[in-house]
Amino acid sequence: MNDPDSSPQIGQVVQILQGREAGQYAVVIGVVNNRFVLLADGEKRKYDRPKKKNRHHIEPMDYISPEVQNSLLETGRVTNGKLRFALSKFVNEMVTDLRKGDQLDGERRCN
């Protein structure tokens, strides 16, 4: 997924690398062209006022929210609640995976 030539997909979670919101996660709600995407998180960046961001300033994650993707493709809109839900679900899964990784590292050190 970290291929610089691959374009982020609608509904995909990305990490912002540059700017004021660096380090935060957002959802791609639109692709302007091959250089810019529209991002929203449902809290600070609502669906109605998305952030236009250069593709090179974000890192696509290996997670595409089916709820957000289906809503945008079917109706052309998505609720801010769905955006918040998608991001919280992604963060919870990521934290769980990190904890599992920490436990495995600890077991390897003990053996």
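Residues numbered from 1 in each chain as written. Predicted model: local features only at pLDDT ≥ 70, side-chain atom pairs only at ≥ 80, totals over all residues. Heavy atoms only, no water.

1. Looking at the pattern of salt bridges
Logical step 1: Tallying each qualifying case throughout the model produces 3 salt bridges.
Logical step 2: Among the ionic pairs, Arg77 bridges to Asp48, the shortest N-O distance being 3.4 Å. Of the two residues, Arg77 is situated in the loop between helix H1 (66-75) and helix H2 (80-110) and Asp48 in the loop between strand E3 (36-40) and strand E4 (51-54); the sequence distance between them amounts to 29 residues. (Salt bridge = Lys/Arg side-chain N within 4 Å of Asp/Glu carboxyl O. Helix = DSSP H or I, 4+ residues; strand = E, 2+ residues; numbered from the N terminus.)

2. Some details on the packing of aromatic side chains
Logical step 1: Scanning all chains against the criterion turns up 2 aromatic pairs.
Logical step 2: Judged by centre distance (5.2 Å) and plane angle (70°), the rings of Tyr25 and Phe90 are edge-to-face. In this pair, Tyr25 is assigned in strand E2 (residues 25-31) and Phe90 in helix H2, connecting sequence segments 65 residues apart.
Logical step 3: According to the relative accessible area criterion, Phe90 is buried, its value standing at 7%.
Logical step 4: Clustering of aromatic rings is evident, with ring pairs tying together Tyr25, Tyr63 and Phe90.
Logical step 5: Geometry around Phe36 places Lys52 over its ring, the cationic atom sitting 4.7 Å from the centre. (Phe/Tyr/Trp six-rings, centres within 6.5 Å; stacked < 30°, edge-to-face > 60°. Buried < 20%, exposed > 50% of the residue type's maximum accessible area, 1.4 Å probe, protein only. Lys NZ or Arg CZ within 6 Å of the ring centre and 35° of its normal.)

3. Things to note about the pairing of E3
For a regular strand, the rule is simple: side chains alternate between the two faces of the sheet.
Logical step 1: Examined bridge by bridge, E2 and E3 share 4 bridges and lie antiparallel to one another. Bridge pairing in E3 places Val28 opposite Leu39.
Logical step 2: Turn length for the E2-E3 hairpin, with the two strands adjacent in sequence and antiparallel, is 4 residues.
Logical step 3: Note: E3 against E4, 4 bridges, orientation antiparallel. Paired with Phe36 across the bridge in E4 is Asn54. (Pairing = 2+ DSSP bridges.)

4. A closer look at the nonpolar core
Logical step 1: Ranked by size, the top nonpolar core spans 14 residues in total, and within it Val13, Ile29, Val68, Val78 and Leu83 carry the most contacts.
Logical step 2: Top element by residues in this core is H2. It accounts for 4 residues.
Logical step 3: Grouped together as the second largest cluster of nonpolar side chains are 7 residues, Val28, Val37, Leu39 and Ile58 included. (Core = buried A, V, L, I, M, F, W, Y, C linked by side-chain atoms within 4.5 Å.)

5. Side note on the sheet that holds E2
Logical step 1: Strand order in the open sheet formed by 5 strands is E4-E3-E2-E1-E5, and the pairing between neighbours is antiparallel. Strand pairing shows two members of the sheet lacking a second neighbour, E4 and strand E5 (58-64), which therefore form its edges. Within the sheet, the average angular offset between the axes of one strand and its neighbour, ignoring direction, is 45°. (Axes fitted to C-alpha atoms, helices over the stretch in contact; angles between N-to-C directions.)

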